[in-house]
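Close look at the chain arrangement
Here are the chains, one letter per residue:
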Amino acid sequence: MIFKCYGPNTMNDIINNSYRICKNISEKELSYEKIENGIVVPFENDNFNIGVVFRENGTISELSKRGNIINIYGKNINNIFNSNFNNKTLYLNNIKLISEKAVFMGIGYPQAQYGETLSESIDRLWYLLDKDINEYKIVFIRDISQDCLNLLKLFGIEEKNIIIAKEPLKFKEVVVPEKSFKLDLQINIKYKAVINKIKEKVKPSKYKKVYFSRNKLSQKRTLFNDPIDNTFKINGYKIFYPEELSLYEKISILKGTEYFVGAVGSNQMHMIFANDNLENIIINRNDIEYYNFNFDLLNNSRTTIICANNNFLPPAVTAGPFLIGATEYLFKFFDDNNFKYNKKDFMYEYNQIIDYIFTWSKVYKRMYIRAKEYLNNNVKEISKDELSDKLIDLQHNSINESTIPIKTFLFIGKTTKIGSFQMDNFFEIHIFGLNIIKIKLNHELNLKTRMLHSLVKLIPISSLRQKLRNKYHLPTPPFWKEQEEIEFSNLYNKYKNEKKES
């Protein structure tokens, strides 16, 4: 495969390093273990405590491990599994024997975790490529999504043969295949054979240029995609929204296309269903984000990665939010490929920037509350904890410091150039003494729009509010669904109360 980057040196260095790490596809023969009277131990709960397969003597099958640490019923078991364990301690006694042969598949993922489903829930299927599938039960240690079920059906597995282990289950024989997609991003050629079997009965679509948009995702982490989406549309790309498609439709579209465009992330993992020599175009939303080239290598694709990053607040790692849009690198890509586009279409509106600021404050704070250490280790600029607090309080109108101008923390001004095109009006963001950035404004909301926006917010029915916003082209809150907004407020208030008490 070959790849090309349109981006700053920082992004180019990270992308090149990513390629050096992932540039080889393993062709070594994968191993497996057959365990008589093997015991499949499921997740303890939904807190990502990972189950495994035990042998009768109480030792754990190494091949059943997902990572370095395994938790069984809340008991931490370290990376060395050579010793025997007390069956009573591990609750492995008196388990009913199921007189069937089973293949251990590992973890099932919910529908929202489509990327993990593709990379981890089907990567052990290679063992069945040359077997009579109906001779085996297929065992997962957590519920699987509808997409995962459909992938298994396309592979040839009947639903009646799929078992979700809710409690320890002992089988006459458990086969534990080695993972063909490892968490250290090593991928085996057998994984491609699994994908080829899944897609072999799917008819390819007629669309040769396709664009998978994130614009209709309920969790809007990548904000204000419209100008980029529309530019690809007017240049011959068919726009699709993956969450509105069935699995069959997604595979059909990718199997038929020659050009595939999408934002980086699990959205791009759909490319695995494309044929070889795909022209793969990636909209990068964060200059410091690692990119996994494994699927590109399997398809021998020609990959182009474009920086469309306008984040002026540090994303909460992969949770975002990401402000994408006009950059000199995006325009350079358009020019190099003779795209028709209008630079003015990429100018942000006032309400979009406000939405981004407050969305950031909530996403960042949610991540800070739930994974403070992880966030601090991965967001290297400056600590934004206090800033996110103040922004949330500002939106909730709970700031009472006389030195903070609640309604006037954005100042209108003039400049000559931002990014790669000339501008006149901008607003300069001063948040609590910190000069963040200067952003071009297309226009402020006119009086009529502001009045309609205020009136719509008073309507108590969320579905009706959204219909009116769509009808009158009003700003839509980009954070999360309104119920999740309420859940966030509860989480934040609890955090604030606990902070006061401490």
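Residues numbered from 1 in each chain as written. Predicted model: local features only at pLDDT ≥ 70, side-chain atom pairs only at ≥ 80, totals over all residues. Heavy atoms only, no water.

A look at empty space enclosed by the protein
For the structure shown, the criterion picks out three cavities of 30 Å³ or more. In this structure, the largest cavity encloses a volume near 80 Å³. Taken together, twelve residues make up the lining of the largest cavity; nearest its centre are Arg66, Gly106, Ile107, Arg124 and Lys179. A per-element tally of the lining of the largest cavity places strand E7 (residues 97–106) first, with three residues. Partitioning the lining of the largest cavity into residue classes produces five nonpolar, three polar and four charged. In this structure, the second largest cavity encloses a volume near 40 Å³. Lining of the second largest cavity is provided by Tyr211, Phe212, Ser213, Arg214, Asn225, Asp229, Gly262, Ala263, Ile283 and Ile324. Elements represented by at least two residues in the lining of the second largest cavity include exactly strand E11 (209–212) and strand E14 (259–263). (1 Å grid on protein atoms, 1.4 Å probe; cavity = no way out; pocket = protein on both sides within 12 Å on 5 of 7 lines; lining within 4 Å. Points joined across faces, edges and corners; volume = space filled by probe spheres on them. Helix = DSSP H or I, 4+ residues; strand = E, 2+ residues; numbered from the N terminus. Nonpolar A, V, L, I, M, F, W, Y, C, P; charged D, E, K, R; others polar.)

As for the nonpolar core
The tendency in soluble globular proteins is for nonpolar side chains to be buried as a group. One finds Leu128, Tyr191 and Phe273 to be the most contacted residues of the largest nonpolar core, which totals 58 residues. At six residues, the largest contribution of residues to this core is made by helix H3 (residues 146–155). Not counting residues within four places of it along the chain, the set of residues in contact with Phe273 comprises Tyr114, Leu118, Leu151, Ile195, Ile198, Lys199, Ile251, Leu254 and Lys255. Within the second largest apolar cluster, 26 residues are counted, among which are Leu313, Ala316, Phe358 and Leu391. (Core = buried A, V, L, I, M, F, W, Y, C linked by side-chain atoms within 4.5 Å. Buried < 20%, exposed > 50% of the residue type's maximum accessible area, 1.4 Å probe, protein only. Contact = heavy atoms within 4.5 Å.)

Digging into the confidence of the model for the protein
Of the residues in the protein, 77% reach a pLDDT of 70 or more, and the chain-wide mean stands at 78. This stretch, residues 45–49, has a pLDDT under 50; its non-local contacts, to residues over four places away or in other chains, come to six contacts. Considering only residues more than four positions removed or in separate chains, one finds that residues 68–90, a stretch of pLDDT under 50, has 49 contacts. (pLDDT = per-residue confidence, 0-100.)

Structural notes on the packing of aromatic side chains
Taken as a whole and assessed by the stated rule, the structure comprises 28 aromatic pairs. With a centroid separation of 5.7 Å and 15° between ring planes, the pair formed by Tyr191 and Phe295 is classed as stacked. Within this pair, whereas Tyr191 is found in helix H4 (residues 189–199), its partner Phe295 is found in helix H7 (residues 294–299), the two being separated by 104 residues in sequence. Accessibility assignment for this pair places Tyr191 and Phe295 in one class, buried. Ring geometry for Phe232 against Tyr237: centres 5.2 Å apart, planes inclined by 85°, an arrangement best described as edge-to-face. Taking relative accessible area as the criterion, Tyr237 reaches 6% and is therefore assigned buried. Taken together, the aromatic side chains of Tyr6, Tyr211, Phe232, Tyr237, Phe331, Phe333, Phe334, Phe339, Tyr341 and Phe346 make up a single cluster linked through ring pairs. Lys209 extends its terminal NZ or CZ atom over the ring of Tyr259, reaching a point 5.2 Å from the ring centre. (Phe/Tyr/Trp six-rings, centres within 6.5 Å; stacked < 30°, edge-to-face > 60°. Lys NZ or Arg CZ within 6 Å of the ring centre and 35° of its normal.)

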